[in-house]
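Each chain is listed here by its residues.
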Amino acid sequence: MIKYTIELPRLPSKALSSNARVHWSQKSRAMIEDKDLVIGQVLSKYQRPDKPLTSVKVELMFILDGRRRDWDNLCSSSKGYLDGLVDSGLIEDDNMTVIKELSLKGRRAKKKEALWTLITIIEIKEKEIG
């Protein structure tokens, strides 16, 4: 089983939320920044695989402050992160045929702990799918 963990020093960009009312150029810039952040973290920690993974489980763990947050906004805001996994070469695509399972988790940050995101990618062997 292959497993990758990527720590990102912040939450996804607010500009990518489905509720954000921002100019398209701001949204585009935020998407590129989030994608590049993931690519940079992946390539600094792991070698680019010869072949991207074609069947995975992805877990997004958000370390949050005390504010109320909606799962759907966190999920839609994470598009740049998922695209970064594809562009870094870790996974073949971010569609449902490759990402068999996508889970969102969260916990409250401890005192003086920064807000951050942990992405875990686990390869799924075909016989494990069910």
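So, here is what we can say about the structure in this document. If you're wondering where the values come from, they're calculated on a predicted model, not measured in any experiment.

About the thresholds
Residues numbered from 1 in each chain as written. Predicted model: local features only at pLDDT ≥ 70, side-chain atom pairs only at ≥ 80, totals over all residues. Heavy atoms only, no water. Helix = DSSP H or I, 4+ residues; strand = E, 2+ residues; numbered from the N terminus. Rg over C-alpha atoms; globule rule 2.2 N^0.38 Å. Contact = heavy atoms within 4.5 Å. Lys, Arg positive; Asp, Glu negative; His and termini not counted. Charge placed at Lys NZ, Arg CZ, Asp CG, Glu CD. Buried < 20%, exposed > 50% of the residue type's maximum accessible area, 1.4 Å probe, protein only. Pairing = 2+ DSSP bridges. Axes fitted to C-alpha atoms, helices over the stretch in contact; angles between N-to-C directions.

1. Things to note about the overall build of the protein
- When helices and strands are tallied, the protein shows three helices and four strands.
- Secondary structure elements of the protein occur, N-terminal to C-terminal, as β-α-β-α-α-β-β.
- Computed over C-alpha atoms, the radius of gyration of the protein comes to 15 Å, within 12% of the 14 Å expected from 2.2 N^0.38 for 130 residues, which places it in the range of a compact globule.
- If you line up the protein on its principal axes, its C-alpha atoms span 40 × 35 × 30 Å.
- Here the analysis covers contacts within the protein between residues at least 6 apart in sequence; of these, 84% occur between residues at least 24 apart.
- With 24 positive and 19 negative side-chain charges, the protein shows a spacing of 7 Å between the two charge centroids.

2. What to know about the pairing of strand 2 (residues 56-64)
- Taking burial as the measure, the nine residues of strand 2 include seven buried ones, the bulk of the element.
- Note: strand 2 against strand 3 (residues 99-108), nine bridges, orientation parallel. Among the inter-strand pairings, Leu60 is bridged to a residue of strand 3, identified as Leu104.

3. Thoughts on helix 3 (residues 79-87)
- Every buried residue of helix 3 is accounted for by Gly80, Tyr81, Leu82, Asp83, Gly84 and Leu85.
- Elements that come into contact with the buried residues of helix 3 comprise strand 1 (3-8), helix 1 (24-45), strand 2, helix 2 (71-77), strand 3 and strand 4 (116-123).
- Once helix 3 finishes, Gly89 follows within two positions and takes phi at roughly 90°, a positive value.

4. Some details on the environment of Gly80
- Mapping Gly80 onto the fold places it in helix 3.
- Classification of Gly80 by relative accessible area gives buried; the value is 0%.
- In this structure, Gly80 is in contact with Leu16, Met31, Asp34 and Lys35, ignoring residues within four places of it in sequence.

5. A word on the sheet that holds strand 1
- With respect to topology, four strands assemble into an open sheet ordered 1-4-2-3, the strand pairing being mixed. Two strands in the sheet have a free side with no partner beyond their single neighbour: strand 1 and strand 3. Looking at each pair of strands side by side, their axes are set apart by 15° on average, direction ignored.
- Both strand 1 and strand 4 contribute to a ladder of six bridges, which runs antiparallel. Residue Leu8 lies in a different strand from strand 4, and its bridge partner there is Thr117.
- Its contacts with the sheet place helix 1 against strand 1 and strand 4, and it is angled at close to 125° to strand 1.
- Its contacts with the sheet place helix 3 against strand 1, strand 2, strand 3 and strand 4, and it is angled at close to 45° to strand 4.

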